[in-house]
Amino acid sequence: MAEQKSDRLYGLFFFIVFEVVVFFLLRYLVSGMGMDDQYQAENTIVPNWVKAVTFILLYILCVLIAVVLVSNIVPSKHRGQLMSWVYLALAGMLVMLVVIF
């Protein structure tokens with residue numbers, strides 16, 4: 001029981017590290033896109049839409065690469081936990097989108 005709890009804590013630590021690294025990397029990559037001041041009279045949604053879609057696609061690509069790598073590395077008894085981390089990452093993506101804009 002204690003081993004399972006420590007495994008989850010390790011998973012949470014690596015998940016948080018992954019999320020922070022991916023967020024700052026993607027924020028740097030999409031920093032030139034979009035408009036900083038979204039509340040202008042003649043603002044168009046297109047530049048911000050491109051930034052959002054690019055962020056989403058790159059984030060999903062990073063998650064898929066991480067899932068493939070992790071599923072090959074971890075023992076089979078821990079692979080059942082992998083999808084819960086993926087769902088949590090997708091929910092975290094929505095929070096990141098709010099923060100990045």
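So, a few notes on the structure that sits alongside this text. (Residues numbered from 1 in each chain as written. Predicted model: local features only at pLDDT ≥ 70, side-chain atom pairs only at ≥ 80, totals over all residues. Heavy atoms only, no water.)

### Things to note about the overall build of the protein
1) Next: Across its full length, the protein holds three helices and zero strands.
2) Next: The secondary structure elements of the protein, listed N-terminal to C-terminal, are α-α-α.
3) Next: The long-range fraction of contacts in the protein, counting pairs at least 24 apart against all pairs at least 6 apart in sequence, stands at 71%.
4) Next: Summed over its atoms, the accessible surface of the protein is roughly 7400 Å², and 72% of this surface lies on carbon and sulfur atoms. (Helix = DSSP H or I, 4+ residues; strand = E, 2+ residues; numbered from the N terminus. Contact = heavy atoms within 4.5 Å. Areas by Shrake-Rupley, 256 points an atom, 1.4 Å probe, with all protein chains shown as cover.)

### A look at the side chain of E19
1) Next: Of note, E19 is situated in helix α1 (residues 2-29).
2) Next: The side chain of E19 is buried and forms no salt bridge, while R27, the nearest opposite charge, is found at 13 Å.
3) Next: Setting aside residues up to four positions removed in sequence, E19 forms contacts with Y59, A89 and M96. (Buried < 20%, exposed > 50% of the residue type's maximum accessible area, 1.4 Å probe, protein only. Lys, Arg positive; Asp, Glu negative; His and termini not counted. Salt bridge = Lys/Arg side-chain N within 4 Å of Asp/Glu carboxyl O.)

### Digging into the environment of M33
1) Next: Tracing the sequence through the fold places M33 in the loop between α1 and α2 (46-73).
2) Next: For the pair M33 and V50, spaced 17 residues apart in sequence, the C-alpha to C-alpha distance is 7.4 Å.
3) Next: In this structure M33 touches V50, K51 and T54, once residues within four positions along its chain are discounted.

### Remarks on the packing of aromatic side chains
Centre-to-centre distance and the angle between the planes together describe a pair of aromatic rings.
1) Next: All told, the structure shown has four aromatic pairs when counted by the stated rule.
2) Next: Ring centres of F15 and W85 lie 5.3 Å apart, and the angle between their planes is 35°; this geometry places the pair in the tilted category. Of this pair, F15 sits in helix α1 while W85 sits in helix α3 (residues 82-100); the two residues are 70 residues apart in sequence, bridging distant segments of the chain.
3) Next: For F15, a relative accessible area of 14% gives the class buried.
4) Next: Ring centres 5.3 Å apart and planes at 70° place the aromatic pair F23 and F24 in the edge-to-face group. (Phe/Tyr/Trp six-rings, centres within 6.5 Å; stacked < 30°, edge-to-face > 60°.)

### A short note on the environment of R79
1) Next: For R79, the position within the fold is in the loop between α2 and α3.
2) Next: Under the relative-accessibility criterion, R79 is labelled partly exposed at 39%.
3) Next: On a C-alpha basis, the gap between R79 and V67 in space is 9.9 Å, while along the polypeptide they are twelve residues apart.
4) Next: Contact partners of R79, with chain neighbours within four places excluded, come to S71 and V74.

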